[in-house]
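Geometric and topological summary
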Amino acid sequence: NNIRNTATILQPNTVIQSGNNTRTEVLANLGSPSDRDFYRVKAPSGTGQRVLTVNVQTLDRVMGVPEIFVYDSTGNLLNSTTLANGHGTRTIQL
């Protein structure tokens, strides 16, 4: 999906519960180095501190290192911290 307003809603295919922490894994696919896809995830409800970590990996080095941008529900770009960037992997946290 190439339009942010109609982003594909990702449903978790793996949920691992450990104490107060929830880890959700989702598999998605980018078709080419110029492909621009938008995906939507919903943060779990509840109180307390929440951390979102997004990890994107490419299996094909020709694809380069993917970029990740996270927006809030009103379309504002959120600040994030880059944890890994290279060798086909990018990981951010916010």
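Residues numbered from 1 in each chain as written. Predicted model: local features only at pLDDT ≥ 70, side-chain atom pairs only at ≥ 80, totals over all residues. Heavy atoms only, no water.

1. Remarks on the environment of valine 70
Under the convention used in this document: Under the DSSP-based scheme used, a helix requires at least four consecutive residues in state H or I and a strand at least two consecutive residues in state E, with every element numbered from the N terminus.
If you trace the backbone, valine 70 turns up in the loop between β5 (53-57) and β6 (81-86). Between the C-alpha atoms of valine 70 and arginine 40, which are 30 residues apart in sequence, the distance is 9.4 Å.

2. Some points on the environment of asparagine 5
Mapping asparagine 5 onto the fold places it in the segment before β1 (8-9). Separated by 34 residues in the primary sequence, asparagine 5 and tyrosine 39 place their C-alpha atoms 9.8 Å from one another.

3. Structural notes on the confidence of the model for the protein
Note the cut-off: Confidence scores labelled pLDDT are given residue by residue by the predictor and lie between 0 and 100.
When pLDDT is averaged along the protein, the result is 78, and 77% of the positions lie at 70 or above. Put simply, strand β2 (residues 14-18) is where the protein has its lowest mean pLDDT, 64, and β6 is where it has its highest, 89.

4. Quick notes on unusual backbone geometry
The phi angle of most residues is negative, glycine excepted, and most peptide bonds adopt the trans form. The backbone of histidine 87 sits at a positive phi, close to 55 degrees, despite the residue not being glycine. Inspection of the secondary structure assignment puts histidine 87 in the loop between β6 and β7 (89-93).

5. Thoughts on the sheet that holds β5
Counted only if it meets this: Only strands that DSSP links by at least two bridges are regarded as paired with each other. Each axis is a line fitted through C-alpha atoms, taken for helices only over the stretch in contact, and angles between the N-to-C directions span 0 to 180 degrees.
Ordered by their spatial adjacency, three strands build an open sheet running β5-β7-β6, and the pairing between neighbours is antiparallel. In the strand order of this sheet, the two ends are held by β5 and β6, each with one partner. Ignoring which end each strand starts from, the neighbouring axes of this sheet average 5 degrees apart. By the bridge criterion, five bridges tie β6 to β7 in an arrangement that is antiparallel. Paired with threonine 82 across the two strands is isoleucine 92, which belongs to β7.

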